[in-house]
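Chain by chain, the residues:
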Amino acid sequence: MLPPSTLAKRPLSTFLAQSSKLSLALSFGLLSLLLPAAITLPTAPAQAGTCASNCGPKPIRFIPGEQVKVELVNRTAGMILLEEVQGSDPIPVSPTRSFRLTRRGGTIDNSSVVFWDSLGNPLEIEISQPQKDVLRIEVNPGFRAPGDRSIYLQDDGSVQIL
């Protein structure tokens, strides 16, 4: 640092420029001291576990070729229409009611179940497999258009929401 007598003879702009360089250099020096400490801070230990302890829900799967019963539960305030794409007429399902149908060919022909709200409101569904041959579809009010519209039962036994 310069002696005070030298600083008094210099213009203020030169003094400010030098002092800002000095404070910048001190900042970088302090940062270089703190950065290694921040990098070596202890982190949470990794946890090992089995799939049974941290897995999501078991995927829904049916035995290919076997008949599958489809149960639709209407948990909305409006009428839901249910249709098997393979040529059936729409089936109305009233609020808080359920409807069960038996798939004609099981999983053989990549079949679908289509459903929609009679007023055009978006729907959100949750699927489950309460028994080995039952696909349960719970229809809830949706909040994002277009919402869920169909379930696709593939010939390999897997289920897809579209």
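See the structure above.
Bear in mind that the values here come from a model prediction, so they are computed numbers and not experimental data.

K.L.:
Describe the sheet that holds strand β9 (residues 159-161), and please don't skip the residues or the numbers.
P.N.:
Whenever strands of a sheet pair, they do so through backbone hydrogen bonds, lying parallel or antiparallel. Strands sit in the order β3-β2-β5-β8-β9 across an open sheet of 5 strands; the sheet is antiparallel. Either end of the sheet is taken by a strand with one partner, and the two such strands are β3 (91-93) and β9. Here the strands of the sheet are splayed against their neighbours by 20° on average, with no regard to which way each runs.

K.L.:
Describe the side chain of S158, with residues and values.
P.N.:
Relative to the elements of secondary structure, S158 occurs in the loop between β8 (150-153) and β9. Since its relative accessible area comes to 13%, S158 is described here as buried. In this structure the side chain of S158 is engaged in a polar contact, spanning 2.7 Å, whose partner is the side chain of D156. The contacts of S158, once residues within four sequence positions are left out, are I60, R61, Y152 and L153.

K.L.:
So what's going on with the side chain of T76? Residues and values would help.
P.N.:
Examined against the element boundaries, T76 turns out to sit in the loop between β1 (69-74) and β2 (80-84). At 2.6 Å, the side chain of T76 forms a polar contact with the side chain of N74. A polar contact is formed between the side chain of T76 and the backbone oxygen of G78, at a distance of 3.1 Å. Look past the residues within four positions of T76 in its chain and what remains in contact with it is P95, T96, D117, L123, V139, N140 and P141.

K.L.:
Run through the pairing of strand β5 (residues 111-117), naming residues and quoting values.
P.N.:
A large share of β5 lies buried, amounting to 5 of its 7 residues. Bridge count between β2 and β5: 5 bridges; the pairing is antiparallel. Its bridge partner being in β5, E83 is matched across the sheet by V114. Sheet topology note: the β5/β8 ladder contains 4 bridges and is antiparallel. Paired with S112 across the two strands is Y152, which belongs to β8.

K.L.:
Provide a residue-level description of the pattern of salt bridges, including the pertinent values.
P.N.:
Under the definition given, this model contains 5 salt bridges. With a closest N to O distance of 3.8 Å, D156 and R61 form a salt bridge. Within this pair, whereas D156 is found in the loop between β8 and β9, its partner R61 is found in the loop between α3 (51-54) and β1, the two being separated by 95 residues in sequence. Ionic pairing is found between R136 and E138, a salt bridge with its closest N-O pair at 3.1 Å. The class of E138 is buried, set by a relative accessible area of 18%.

Rules used in this analysis
- Residues numbered from 1 in each chain as written.
- Predicted model: local features only at pLDDT ≥ 70, side-chain atom pairs only at ≥ 80, totals over all residues.
- Heavy atoms only, no water.
- Pairing = 2+ DSSP bridges.
- Helix = DSSP H or I, 4+ residues; strand = E, 2+ residues; numbered from the N terminus.
- Axes fitted to C-alpha atoms, helices over the stretch in contact; angles between N-to-C directions.
- Buried < 20%, exposed > 50% of the residue type's maximum accessible area, 1.4 Å probe, protein only.
- Polar contact = N/O pair within 3.5 Å; in protein donor to acceptor, adjacent residues only side chain to side chain.
- Contact = heavy atoms within 4.5 Å.
- Salt bridge = Lys/Arg side-chain N within 4 Å of Asp/Glu carboxyl O.

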